[in-house]
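Read off the chains here:
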Amino acid sequence: MLTVSDVHLSFRGVRALAGVSLTVEPGETLGIIGPNGSGKSTLFNVISGIYKPDRGRVTFLGTDVTAAEPRSIVSLGLARTYQNKRLFGSLTVLENVVVPALRTQAGSWLGDIVGRSAGRAAADAKARDCLAFVGLHDVADVQANSLAYGQQNRLEIARALALDPKLLMLDEPAAGLSPPERIEMRDLIERVKARGTAVALVEHDMRVVMQLCSRLVVLDHGEVIATGSPAEVTANPDVIAAYFGVPVDD
Ligand code: ADP
Ligand code: MG
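Computed from a predicted structure; not experimentally measured.

Engineer: Any chance you could explain the coordination of the magnesium ion (ligand 2) here in plain terms?
Structural biologist: For a metal bound by four donors in a tetrahedral arrangement, the ideal donor-metal-donor angle is 109.5 degrees, while six donors in an octahedral arrangement ideally sit at 90 or 180 degrees. With distances of 2.1 Å, the protein atoms coordinating the magnesium ion (ligand 2) are Ser 41 (OG) and Gln 83 (OE1). On the criterion of sequence distance, the pair formed by Ser 41 in helix H1 (residues 40-47) and Gln 83 in the loop between strand E6 (78-80) and helix H3 (93-103) is long-range, its members being 42 residues apart.

Engineer: Explain the pairing of strand E1 (residues 2-11) to me, please; I cannot follow it from the model alone.
Structural biologist: Successive residues of a regular strand alternate their side chains across the two faces of the sheet. Bridging between E1 and strand E2 (residues 14-24) involves 8 bridges; their strand directions are antiparallel. Along E2, the bridge assignment pairs Leu 9 with Leu 17. Counting the residues in the hairpin turn of E1 and E2 gives 2 residues, including Arg 12, whose phi is positive at 40 degrees. Taken together, the 5 bridges between E1 and strand E4 (residues 55-60) define a ladder with antiparallel strand orientation. By the bridge assignment for E4, His 8 is matched with Arg 55.

Engineer: Could you clarify how one ought to interpret the sheet that holds strand E8 (residues 198-202) in this entry?
Structural biologist: Strand pairing in a sheet relies on backbone hydrogen bonds. The paired strands run either parallel or antiparallel. Read across the sheet, 6 strands follow the order E6-E7-E8-E3-E9-E10 without closing on themselves; strand pairing throughout is mixed. Whereas interior strands pair on both sides, the edge strands pair on one side only; in this sheet they are E6 and strand E10 (223-228). Averaged over neighbouring strand pairs, the angle between their axes works out to 20 degrees when direction is ignored. Pairing analysis gives 5 bridges linking strand E7 (residues 167-171) to E8, with the strands arranged parallel. The residue of E8 that forms the bridge with Asp 171 is Val 202. Contacts between helix H6 (residues 149-161) and the sheet are confined to E6 and E7, with E7 contributing the most and set at about 160 degrees to the helix. Sheet contacts for helix H7 (residues 179-194): strand E3 (29-33), E7 and E8; angle to E8, the most-contacted strand, approximately 150 degrees.

Definitions and limits used
- Residues numbered from 1 in each chain as written.
- Chains lettered and ligands numbered in written order.
- Predicted model: local features only at pLDDT ≥ 70, side-chain atom pairs only at ≥ 80, totals over all residues.
- Heavy atoms only, no water.
- Donors = N, O, S within 2.8 Å, 3.2 Å for Na, K, Ca; no water.
- Helix = DSSP H or I, 4+ residues; strand = E, 2+ residues; numbered from the N terminus.
- Pairing = 2+ DSSP bridges.
- Axes fitted to C-alpha atoms, helices over the stretch in contact; angles between N-to-C directions.
- Contact = heavy atoms within 4.5 Å.

In short, shape yes, function no, at least from these values alone.
This is the structure:
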């Protein structure tokens, strides 16, 4: 459903992506791992249309989206979360999810926001469903800023789910979570998979990655250095060297 072909992107001479190619198949959960600075978040930014690549192509569900605006990529069914969360801190938890939920209602979402309440009730109901799905229904009326860190991660996911994605891209959803919260996060992603939604998962917690992903892509210095099953990839000497900075023999 997603094809990334030979994508290159440099920031003023800093090579962030250097010929990255990968695919995500329908219903698949693809893990994308690699050391800090290897280009994982930049790759998400290219796929979701935030950055335009210097070279290469991104196609989603048969449409070339390399030069597309983020909003049209979202409309095709691709949603994401951010490593640095992008919540509307002064809005309530519910309102954070109503904003994307309004987009998927028929008619003018702008009109709905400014007061014509045709789609608002439906968006409200949908937002509440999404909050229940991630386990935040009991804090719907709380200001987003006042949520605990782990709850904010789940709110990001609720907002993405409100866009009815066919592919959900998650950038380090378990980062900064306690061990029990990590298990909750793993179970939440498991439930997303069970809906049939494809997932692209950037995550450092290898237990979470191993349990959720049947296939991994490993980035290092903006290049794909390995692709395969979790067992294949973690036994790969190039991958071990990328993580520990020394050849495996040493
Ligand atoms: P990862 O998510 O794998 O930790 P990033 O994609 O955030 O890595 O970063 C890859 C490289 O690109 C790093 O060297 C980073 O400093 C650089 N980089 C990322 N975004 C920008 C930007 N907006 N401007 C300049 N350099 C950037
Ligand atoms: Mg990152």
